[in-house]
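The residues making up each chain are set out below.
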Amino acid sequence: MENNGKKRRRLSAEEKWSIYQECEQSSVKIGEVLRKHGLYSSDLQLIRREVKEAALERLSRSRPGRKKAAVVPVEERVQLKRELEEKEKALAELSVMFTTLKKKCTWNRGPVSKRPTATGDPTGSPADHRYGKRVRDCPAHHLQLAADQYPQG
């Protein structure tokens, strides 16, 4: 494009940003900056408008609130799914073991006063003769106490 024998050049985004920043400094005279770059005040107005529009567009894209979920690569998703299945299987096995231990430690032999004691304890503490110790010393009993103390759900 020609203007009075001078050829006007197109400015890159970096050049426009640099000119904008120079003009926004309070210690600099805008006329000197424009002459240095061979621009007119109307060119500066266009640059300022472009900077404002770009800033508003960028700011409008960043909305407050919940961010979109990150995309997980397929390989990582498959690995996580496999790990979850392994842990669910281990949990099921432990559940079966817990139930078995619980059945071994429970007694259904009538009221507490009629239950035998392992050590001949005169207090009448309940005992499970399969273990030869009191029920409260059974590992499954401790697991049940922990489960009662920290209920799920």
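Residues numbered from 1 in each chain as written. Predicted model: local features only at pLDDT ≥ 70, side-chain atom pairs only at ≥ 80, totals over all residues. Heavy atoms only, no water.

> Could you clarify how one ought to interpret the UniProt feature "coiled-coil region" (unreviewed entry) in the protein in this entry?
Mapped onto the present numbering, the UniProt feature "coiled-coil region" (unreviewed entry) falls at residues 77–104. Its end C-alpha atoms 41 Å apart, residues 77–104 is made of 100% helix and 0% strand. (UniProt positions renumbered as here; feature names shortened; annotations may be inferred. Helix = DSSP H or I, 4+ residues; strand = E, 2+ residues; numbered from the N terminus.)

> Would you mind showing me how to read the nonpolar core here?
Side chains of a nonpolar character, in soluble globular proteins, are inclined to be buried together. Formed by Leu11, Ile19, Tyr20, Cys23, Val33, Leu34, Leu39, Leu44, Ile47 and Val51, the largest nonpolar core amounts to 10 residues. For this core, the secondary-structure elements that each account for two or more residues are α1 (13–24), α2 (30–37) and α3 (41–61). (Core = buried A, V, L, I, M, F, W, Y, C linked by side-chain atoms within 4.5 Å. Buried < 20%, exposed > 50% of the residue type's maximum accessible area, 1.4 Å probe, protein only.)

> What should I look at first to understand the packing of aromatic side chains in this one?
Two descriptors summarise a pair of aromatic rings, namely the distance from one centre to the other and the angle between the planes of the rings. A complete count under the given rule lists one aromatic pair for this structure. Here tryptophan 17 and tyrosine 20 contribute two aromatic rings whose centre-to-centre distance is 5.5 Å and whose plane-to-plane angle is 20 degrees, an arrangement assigned as stacked. You can see tryptophan 17 and its partner tyrosine 20 sitting in helix α1, three residues apart, about one turn around the helix. (Phe/Tyr/Trp six-rings, centres within 6.5 Å; stacked < 30°, edge-to-face > 60°.)

> Sorry, what's going on with the pattern of salt bridges here?
Side-chain pairs of opposite charge can arise where the charged atoms are in close proximity. If you walk through the whole model with that rule in mind, you get three salt bridges. Put simply, lysine 36 and glutamate 22 hold a salt bridge, and the shortest N to O gap is 2.9 Å. Remark: glutamate 22 occurs in helix α1 and lysine 36 occurs in helix α2; sequence separation between them is 14 residues. Across the pair glutamate 24 and arginine 48 runs a salt bridge whose closest N-O atoms are separated by 3.3 Å. In this pair, glutamate 24 is assigned in helix α1 and arginine 48 in helix α3, connecting sequence segments 24 residues apart. When its relative accessible area of 43% is taken as the criterion, glutamate 24 is described as partly exposed. With relative accessibility at 33%, the residue arginine 48 sits in the partly exposed group. (Salt bridge = Lys/Arg side-chain N within 4 Å of Asp/Glu carboxyl O.)

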